[in-house]
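Report on the structure
Residue strings, one per chain:
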Amino acid sequence: MTKTSEPAEMPTTTAPSVVIVAQDGRLAYEAILFAASLRHSDPDFQGRLLVAEPQPGDLWLDDPRLKPHIRETLEALGAEIVPFEAQQFGRHYPNGNKIEALLALPEGEPFLFFDTDTVITGKLSELPIPYTRPSASMKRENTWPTIELYGPGYTQTWKSLYDKFGLNFEASLDLSQPDEYWQRYMYFNAGWFFGPCPREFGRRFKDYAVAIHHDGPEELVCQTLYPWLDQIALPLVISSFGGGRPGPELDGLDGDISCHWRILPLAYARESDHAIEVIEAATAPNKIKKVLKEYDPMKRMIFQGRGQKVRALFDRDNLPRKEMAIRNTIKREGFWMR
């Protein structure tokens, strides 16, 4: 069992070490867009931009390392490439690479992790981030657990996990929400999260994820763990370090400072005018554009105008309630791609 840690007091800093994971293929081009958006939106950013790169090994079929010209483009944007070894997840569970990447980062240095399919749209350097109280994105949906008619409910399911790791379940509850309503229980989108030390955080994250997979409580017998394993373990890890839901001072990370766009056609359909302006302005320099055009979705959506055609299909003030309806409209018009 892991008891709640009481990390040493550390002053809030405005120059975080920002971390993303990139490998050959789609993530390489997303990483360039992320780095370009950071430099475009926050030219005064003084923190480190660390790009974690998986190395070849038994858990990969092909060499996952970045191609030389991709590496050069990222480094020209101020990124530092940090190699890491995939020992548990690799190609079998790509979401797990964010966990193992943390283990290769500088020990004891506060970190702010982002999924690569994110753009920075505001002054990240001005955001007060309380690293000693870890937190994560609340831009999430009710994806896990799935409640069966005669199976355990939310309370029983989540409590079994907190009990397994010796954590305070009651402290994690949002008592303003009704019992057995999913938002009462601490659940995050793992698109961004932060903490005081990446290696300590990563070790616990990995331990919890592996334990849930191999030796989960019986309340999880009927639950699907993938692709949600990182988001199942994340609130437990955050609780173990004395963290919790983000305060209002961090609203910008799910608002006007960063945008987790996920898939380009969806981004053009529903994200703010400012987010789209950042995507297009940050990728406009010829040296960046030349590389990003190698990736067909960016070539078509950003540089050949298909994204704006997608955007014209939707009213951002009256979007369909379900994402599938947005996807279906884009597919029907022949603009879907990833």
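These numbers were taken from a predicted model, which means no experiment stands behind them. (Residues numbered from 1 in each chain as written. Predicted model: local features only at pLDDT ≥ 70, side-chain atom pairs only at ≥ 80, totals over all residues. Heavy atoms only, no water.)

What follows covers the overall build of the protein chain. Regarding its fold elements, the protein chain presents 12 helices and 8 strands. The C-alpha atoms of the protein chain give 20 Å as radius of gyration, which agrees with the globular expectation for 338 residues (20 Å, within 12%). Taking the principal axes of its C-alpha atoms as reference, the protein chain extends roughly 55 × 45 × 40 Å. For the protein chain, buried positions account for 53% of its 338 residues. Sequence-distant contacts, at least 24 apart, represent 79% of the contacts inside the protein chain between residues at least 6 apart. Counting only carbon and sulfur atoms, one obtains 47% of the accessible surface of the protein chain, whose full area is about 15200 Å². Once the 39 positive and 47 negative side-chain charges of the protein chain are each reduced to a mean point, those two points are 6 Å apart. (Helix = DSSP H or I, 4+ residues; strand = E, 2+ residues; numbered from the N terminus. Rg over C-alpha atoms; globule rule 2.2 N^0.38 Å. Buried < 20%, exposed > 50% of the residue type's maximum accessible area, 1.4 Å probe, protein only. Contact = heavy atoms within 4.5 Å. Areas by Shrake-Rupley, 256 points an atom, 1.4 Å probe, with all protein chains shown as cover. Lys, Arg positive; Asp, Glu negative; His and termini not counted. Charge placed at Lys NZ, Arg CZ, Asp CG, Glu CD.)

In this section: the side chain of Thr 73. Mapped onto the fold, Thr 73 is located in helix 2 (residues 68-76). Residue Thr 73 is classed as buried on the basis of its relative accessible area of 13%. Every residue in contact with Thr 73, bar those within four places of it in the chain, is listed here: Ile 32 and Val 291.

Our next topic: the sheet that holds strand 7 (residues 189-195). Paired through backbone hydrogen bonds, the strands of a sheet run either parallel or antiparallel to each other. The strand order across the open sheet built from 6 strands is 3-2-1-4-7-6, with neighbouring strands paired in mixed fashion. Each of the sheet's edge strands pairs with one partner strand only, and the pair in question is strand 3 (79-84) and strand 6 (135-137). Adjacent strand axes in the sheet meet at a mean angle of 25 degrees, parallel and antiparallel pairs treated alike. The pairing of strand 1 (residues 17-21) with strand 2 (residues 49-54) spans 4 bridges and is classified as parallel. Within the sheet, the bridge partner assigned to Ile 20 lies in strand 2 and is Val 51. Against the sheet, helix 2 touches strand 2 and strand 3, its axis set at about 130 degrees to strand 3. (Pairing = 2+ DSSP bridges. Axes fitted to C-alpha atoms, helices over the stretch in contact; angles between N-to-C directions.)

Attention now moves to the packing of aromatic side chains. One pass over the full model with this rule turns up 20 aromatic pairs. Members of the aromatic cluster, connected to one another through ring pairs, are Phe 111, Phe 113, Phe 193, Phe 201, Phe 205 and Phe 241. Against the face of Phe 241 rests Arg 204, its NZ or CZ located 4.1 Å from the ring centre. One Lys or Arg, Lys 293, reaches over the ring of Phe 303 and ends 6.0 Å from the middle of that ring. (Phe/Tyr/Trp six-rings, centres within 6.5 Å; stacked < 30°, edge-to-face > 60°. Lys NZ or Arg CZ within 6 Å of the ring centre and 35° of its normal.)

Attention now moves to the packing of helix 4 (residues 154-164) against helix 6 (residues 229-240). Interaxial distance between helix 4 and helix 6 falls to 11 Å at its minimum, and their mutual angle equals 55 degrees. For the element pair helix 4 / helix 6, the angle class is oblique. In this structure, helix 4 crosses over helix 6, and the sense of that crossing is right-handed. Each of Trp 158, Leu 161 and Tyr 162 in helix 4 lies in contact with helix 6, whose residues at this interface are Gln 231, Ile 232, Pro 235, Leu 236 and Ser 239. (Parallel < 35°, antiparallel > 145°, perpendicular 65-115°, else oblique. Left-handed = near helix turned anticlockwise from the far one by under 90°.)

It is worth spelling out the pairing of strand 3 at this point. In this sheet, strand 3 lies alongside strand 2 in parallel orientation, the contact comprising 6 bridges. For Val 51, the partnering residue across the bridge sits in strand 3 and is Ile 81. The parallel pair strand 2 and strand 3, bridged by helix 2, forms a crossover whose chirality is right-handed. (Right-handed = clockwise from strand over helix to strand, strands pointing away.)

Turning to unusual backbone geometry, a few remarks are in order. Keep in mind that most residues, glycine aside, have a negative phi and that most peptide bonds are trans. The step from Trp 144 to Pro 145 runs through a cis peptide bond, and the omega angle for that step is -5 degrees. Residue placement: Pro 145 occurs in the loop between strand 6 and helix 4. A cis amide bond links Tyr 226 to the next residue, Pro 227, at an omega of 10 degrees. Residue placement: Pro 227 occurs in the loop between helix 5 (198-215) and helix 6. Although it is not a glycine, Glu 180 adopts a positive phi angle of roughly 65 degrees. Tracing the backbone shows Glu 180 in the loop between helix 4 and strand 7. For Glu 180, a relative accessible area of 36% puts it in the partly exposed group. Residue Arg 262 is not a glycine yet carries a positive backbone phi of 70 degrees. Tracing the chain through its elements places Arg 262 in the loop between strand 8 (258-260) and helix 7 (264-270).

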